[in-house]
Amino acid sequence: MTRPIALVFTFLLAIVFFPTADAATPPTDILIILAGQADLEPAATLSDRRARSRRVCDLLQETAARTQPELRAFLDEAGVDYRTFWICNAVAVSQADAALVAELTRRGDVARVVPDPLVPLVAGEPGVLSLPAPVTRTIPWNIEQIGAPEVWATGNTGQAGVVGILDSGCDWTHPAVRDQYRGWSGTSADHDYNWYDAVHSSGGACGPDAPEPCDDLGHGTHVLGTAVGDDGQGMQIGVAPGARWIACRCIDGGWSSPSMMYEGFEWMLAPRPVGGGVGDPALAPDVITTAWYCPPGLGCAWDTLLPVVAAVRAAGIMVVGTAGGGGPGCETIIFPPAIYDETYTVGASAPGDGIASFSGRGPVSTGQGTLIKPDIVAPGIDILSCLPGDDYSYWSGGAMANAHLAGVVALVVTAAPDLRGDPEAIEARLNITALQLMSGQCGDGQFVPNSVYGYGRIDVAAACGDVTAAGPASAPSVQLHDNEPNPFNPRTAIVYELKRAGAVELRIHDAGGRLVRILVSENRQAAGRHSAIWDGRDDNGRDVAAGVYLSSLQSGEARAQGRLVLIR
């Protein structure tokens, strides 16, 4: 559905006059953020992913149920259309006038009222380029470059992972993605818990409230194909062809809004049947990818989506966002949700590992402080994937880079099941094993991470390391044993084994992947068992904060990773 340009100016007018709205201000869609928000800390102590996810949902839903009734009664009396959310304790109101907004801002149970504008996807995809589809069947350059075929050779095709696509929908019948759809048994389809349409009013080909996966834009199908696509006939376009996928349409003809994203993320956190019903957080995906973002210039406050992304992450689900198309300048990653610390932000790289000219750069400065973004980069130029109607095409853009990470996460959680439900640990592994790429363009000097490449270009073969889905057919050449004691204070012993002599480096990283301490760095160590003591200090001799840390052992091409818990 094409939105008239005049609509954008309506929202801009609403934004300009929002703080001092009067009777002349046109009605506009708004989000009411309630003062009472859920405390998710009790869920953080749960180690089991399913239990933690369930607890997060319970806390969010209990808070909304307790605090929304009075506000809802007020809105009912006002006779306005509204939708409620629990993923962030909020209510979306359609076409609120200035008088209603003024009354809402005076209520004690309301923290703030923010615009809920429709924003075009094209603002986030200036680099999209469509080229003819290939004639020959092939594994595309981008899939080869990140090492996916090496991982497949171990028996790991991402079969333990579930990918969530928050986009323009998906053509689930396309031969490259049909068999990977979680709702497809091989003979029949069941869309309950596997598909949701957050578009409730549309003139597009899919129509509103589509009962089965549908994509009238093509964007979501292309993203999906890069994540999991494989038609079984040689067109191996996806990073994790054995993974399962679920999807929510929350982009309507190229347009979306914060409230539509609220609805989509809420469904991803606890998928429910088509047409409504009780959601089940046990059926949530391991990773959610979204390419849409909301420019503050069109009405999105920088933190409107923050509590939503934070809640999803608290439940153990990784959120992947695009660095966007604001490049080549610095400080061009400026839109939610890519600007959040809780989002794993992906830049776009070229075939030769250079940064794509359109890819956004950091650093990012918000209410969360100054962050180095992107976190990592992945191929984003001339990416072959599928389109609705059994088509294929090459596209370029930030979303294409994003799509790789969704498949990468499926491969990693298949290789290392203990990482499932632990976004910090997954991200740390990806950061540590990335192909390091340096750039001093944005004031970082020749360091990693930096504000152009983050930690570097994703290397999924390295991220899966010696851990494979094929079982113990071959012993790893390096091994990290559990450190003792763990948790520890003030010191712990890290024991490791080398199957053969060679150069060794043992590093400590924090949960965000940042280097804390180099414990061992030797040109050659003999084969056998070795140990190193970490005293909870960084390379400058300063005590580090209590928390989760990661030990990273490398000898040649072999890598292993451990987890340490420091208490104070």
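Structure: above.
Presented here is an overview of the structure given in this document.

Basis of the calculations
- Residues numbered from 1 in each chain as written.
- Predicted model: local features only at pLDDT ≥ 70, side-chain atom pairs only at ≥ 80, totals over all residues.
- Heavy atoms only, no water.
- Phe/Tyr/Trp six-rings, centres within 6.5 Å; stacked < 30°, edge-to-face > 60°.
- Helix = DSSP H or I, 4+ residues; strand = E, 2+ residues; numbered from the N terminus.
- Lys NZ or Arg CZ within 6 Å of the ring centre and 35° of its normal.
- Buried < 20%, exposed > 50% of the residue type's maximum accessible area, 1.4 Å probe, protein only.
- Pairing = 2+ DSSP bridges.
- Right-handed = clockwise from strand over helix to strand, strands pointing away.
- Polar contact = N/O pair within 3.5 Å; in protein donor to acceptor, adjacent residues only side chain to side chain.
- Contact = heavy atoms within 4.5 Å.
- Axes fitted to C-alpha atoms, helices over the stretch in contact; angles between N-to-C directions.
- Parallel < 35°, antiparallel > 145°, perpendicular 65-115°, else oblique.
- Left-handed = near helix turned anticlockwise from the far one by under 90°.
- Nonpolar A, V, L, I, M, F, W, Y, C, P; charged D, E, K, R; others polar.

## A short note on the packing of aromatic side chains
Between two aromatic rings, the relevant description is the distance of the centres plus the angle of the planes.
Phase 1: Evaluation of the coordinates by the stated rule reveals nine aromatic pairs.
Phase 2: Aromatic side chains W172 and W184 sit 5.6 Å apart centroid to centroid with 50° between the ring planes, which places their arrangement in the tilted category. Of this pair, W172 sits in the loop between β6 (162-167) and β7 (195-197) while W184 is found in the loop between β6 and β7, placing the two residues twelve residues apart along the sequence.
Phase 3: Site record: aromatic cluster; members linked through ring pairs are W172, Y181, W184 and W245.
Phase 4: We note R107 situated over the ring of F74; from NZ or CZ to the ring centre the distance is 5.0 Å.
Phase 5: Above the plane of the ring of Y196 lies R272, whose end atom (NZ or CZ) is 4.9 Å from the centre.

## Thoughts on the pairing of strand β10 (residues 287-290)
Phase 1: Residues V287 and T289 of β10 are buried on one face, and the alternating residues I288 and T290, pointing to the opposite face, are buried as well.
Phase 2: As paired elements, β6 and β10 share three bridges and run parallel to each other. Its bridge partner being in β10, V163 is matched across the sheet by V287.
Phase 3: Looking at chain direction, β10 and strand β11 (residues 318-322) are connected through four bridges and run parallel. For T289, the partnering residue across the bridge sits in β11 and is V320.
Phase 4: In this fold, β10 hands off to helix α10 (residues 306-314), which returns the chain to β11; that crossover is right-handed.

## Examining the side chain of Q525
Phase 1: Along the chain, the position of Q525 falls in strand β21 (residues 515-525).
Phase 2: In this structure Q525 comes out as buried when scored by relative accessible area, which is 9%.
Phase 3: In this structure the side chain of Q525 is engaged in a polar contact, spanning 2.9 Å, whose partner is the side chain of Y496.
Phase 4: Side-chain polar atoms of Q525 contact the side chain of E522, separated by 3.4 Å.
Phase 5: Each residue touching Q525, except ones within four places of it in the same chain, is listed here: Y496, L498, A501, G502, V504, V520 and H530.

## Describing the packing of helix α8 (residues 219-228) against helix α11 (residues 398-415)
Phase 1: Two elements in contact, α8 and α11, have axes whose closest approach is 7 Å; the angle formed by their N-to-C orientations is 45°. Judged by the inter-axis angle, α8 sits oblique to α11. In the crossing of α8 with α11, the sense of the turn from one axis to the other is right-handed. On α11, the residues that touch H219, H222, V223, T226 and A227 of α8 are A399, M400, A403, H404, A406 and G407.
Phase 2: Residue classes in the contact of α8 with α11 are distributed as six nonpolar, five polar and no charged.

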